[in-house]
Amino acid sequence: DGGITQSPKYLFRKEGQNVTLSCEQNLNHDAMYWYRQDPGQGLRLIYYSQIVNDFQKGDIAEGYSVSREKKESFPLTVTSAQKNPTAFYLCASSISPRGSVHFGAGTRLSVL
Amino acid sequence: AQTVTQSQPEMSVQEAETVTLSCTYDTSESDYYLFWYKQPPSRQMILVIRQEAYKQQNATENRFSVNFQKAAKSFSLKISDSQLGDAAMYFCAYRSAKGNKLVFGAGTILRVKS
């Protein structure tokens, strides 16, 4: 089945620790995105990538980093500089700027 | 910058009845796309319906239809014959034809009463 796989489903971070959220897609989509969702709120864009080895900051990129070494993969690292990382993180992809955006099942990150 | 506004934090509907969720947006562009996404308790984001701005005809997907008023920058979602499984958070979203990112509204919680 084609789709977007996010792992892990739940993740816990200790103070001062960097953690990486995985996102893999087998849809052959060029564009990939990371969104953050806080309770009762809409989604805010963290980073996006239109092609391999290229990515741009979204609206709330501070404290996060990404890489796009393969078309299928777009991992998100939540660094220790992100002081309020507790949220639900959604990865998404689209075949082109005109294509519909499809989402993975999400990762819930909490701070210990 | 584009913005999307959903003015109804919560809505309720009786099973089998019709409900309309409101959405307005602000943009200076003429070519763009609008979407409604459903987020059930599982938190999986599910695409409900999509509208291209250049199309005058309103999009329809089974029990879901939109009322797209381009001049008024309004994009409401109508759910007919509401079912218990329709209960979820609904998000309206905008995407420029030139850009890549989706801009989301704050969402509307829809409750369906049996």
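Coordinates for the structure precede this section.
Overview of the structure.

About the criteria used
Per chain, the residues get numbers from 1 upward, laid out in the order the sequence is written. For naming, the first written chain is A and the first written ligand is 1, with later ones following in the order written. With pLDDT at 70 or above as the cut-off, local features in this predicted model cover only qualifying residues; side-chain atom pairs require 80 or more to be listed or tallied, and sums for whole chains, interfaces and linings still use all residues. Remark: hydrogens and water are excluded; side-chain values derive from all non-hydrogen atoms of the structure. The secondary structure listing takes helices from DSSP runs of H or I that are at least 4 residues long and strands from runs of E that are at least 2 residues long, numbered from the N terminus. Here the radius of gyration uses the C-alpha set of atoms, whereas the globule reference equals 2.2 Å times the residue count to the power 0.38. Any cysteine sulfur atom paired with another within 2.5 Å is treated as part of a disulfide. Each residue is assigned to one of three classes by its accessible area relative to the maximum for its type, calculated with a 1.4 Å probe on protein chains only: buried under 20%, partly exposed between the two thresholds, exposed over 50%. Whether two residues touch is decided by their heavy atoms; if any such pair falls within 4.5 Å, the residues are in contact. By buried area we mean how much accessible surface two parts lose on assembly, using a 1.4 Å probe and totalling the loss over both. The working definition used for a salt bridge is a side-chain nitrogen of Lys or Arg within 4 Å of a carboxyl oxygen of Asp or Glu. Whenever two N or O atoms come within 3.5 Å, that pair is a polar contact, provided that in protein one can donate a hydrogen and the other can accept it, and provided that, for residues adjacent in sequence, both atoms are side-chain atoms. Gly is placed with the polar residues, together with every amino acid not listed as nonpolar (Ala, Val, Leu, Ile, Met, Phe, Trp, Tyr, Cys and Pro) or charged (Asp, Glu, Lys and Arg). Nine residue types can take part in a nonpolar core, namely buried Ala, Val, Leu, Ile, Met, Phe, Trp, Tyr and Cys, and a core is a set of them joined through side-chain atoms within 4.5 Å.

For the rest of this paragraph, the subject is the overall build of chain B. Helix and strand counts for chain B come out as zero helices and twelve strands. From first element to last, N terminus to C terminus, chain B shows the α and β order β-β-β-β-β-β-β-β-β-β-β-β. Relative to the compact-globule value of 13 Å for 114 residues, chain B shows a C-alpha radius of gyration of 14 Å, a close match. Its C-alpha atoms put chain B at 45 × 25 × 20 Å along the principal axes.

So, about the state of the cysteines. As used here, a disulfide is simply a covalent bond connecting the sulfur atoms of two cysteines. For the structure shown, the criterion picks out two disulfides over all chains. Note on cysteine connectivity: A:Cys23 is disulfide-linked to A:Cys91, with sulfurs 1.8 Å apart. Note on the A:Cys23 and A:Cys91 pair: the S-S dihedral is about -75 degrees, so by sign convention the disulfide is left-handed. Here A:Cys23, found in strand β3 (residues 19–25), pairs with A:Cys91, found in strand β9 (residues 87–94); they are 68 residues apart in sequence, far enough to count as distant. A:Cys23 gets classed as buried once you look at its relative accessible area, which sits at 0%. For A:Cys91, a relative accessible area of 0% puts it in the buried group. Here B:Cys23 engages in a disulfide with B:Cys92; their sulfurs sit 2.0 Å apart. Residues B:Cys23 and B:Cys92 are joined through a disulfide that is left-handed, its torsion about the S-S bond being -70 degrees. Of this pair, B:Cys23 sits in the loop between β3 (19–21) and β4 (24–26) while B:Cys92 sits in strand β10 (residues 88–96), and the two are 69 residues apart along the sequence.

Our focus in this paragraph is the interface of chain A and chain B. Taken together, the contact pairs 25 residues of chain A with 21 residues of chain B. Interface of chain A and chain B: buried area, both sides summed, is about 1,900 Å²; carbon and sulfur atoms make up 46% of it. When the buried surface of chain A facing chain B is broken down by residue, A:Pro97, A:Arg98 and A:Phe103 rank first, second and third, together holding 29% of it. Residue B:Lys101 pairs with A:Asp59 through a salt bridge whose shortest N-O separation is 3.0 Å. The interface formed by chain A and chain B contains twelve residue pairs in polar contact (both at pLDDT 80 or more). Those elements that provide at least two residues to the side of chain A that touches chain B are β4 (31–37), β5 (43–51) and β9 of chain A. Of the residues assigned to the side of chain A that touches chain B, the class counts are twelve nonpolar, ten polar and three charged.

With that settled, consider the nonpolar core. Generally speaking, soluble globular proteins have nonpolar side chains that are buried together. Within the largest apolar cluster, 26 residues are counted, with the highest numbers of intra-cluster contacts made by B:Tyr25, B:Trp36, B:Phe75, B:Leu77, B:Tyr90 and B:Leu110. Secondary-structure elements contributing two or more residues to this core are β3, β5 (32–39), β6 (46–52), β8 (64–69), β9 (74–79), β10 and β12 (108–113) of chain B. With near-sequence residues (within four places) excluded, B:Tyr90 lies in contact with B:Gln6, B:Leu21, B:Trp36, B:Tyr37, B:Lys38, B:Val48, B:Phe64, B:Leu77, B:Ile79, B:Gly107, B:Thr108 and B:Leu110. In this structure, A:Tyr35, A:Tyr48, A:Phe88 and B:Phe91 belong to the second largest nonpolar core, which totals 21 residues.

What follows concerns the pattern of salt bridges. In this structure the tally under the stated criterion is ten salt bridges over all chains. For the salt bridge of A:Arg36 with A:Asp38, the shortest nitrogen-to-oxygen distance reads 3.0 Å. Owing to a relative accessible area of 11%, A:Asp38 belongs among the buried residues under this scheme. The salt bridge partner of B:Glu52 is B:Arg50, with a shortest N-O separation of 3.0 Å. Taking the relative accessible area as the measure of exposure, B:Arg50 reaches 21% and is therefore partly exposed. One salt-bridge network, in which partners are shared between bridges, spans A:Arg36, A:Asp38 and A:Arg44.

Note that every value here comes from positions in space, so none of it alone points to a role or purpose.
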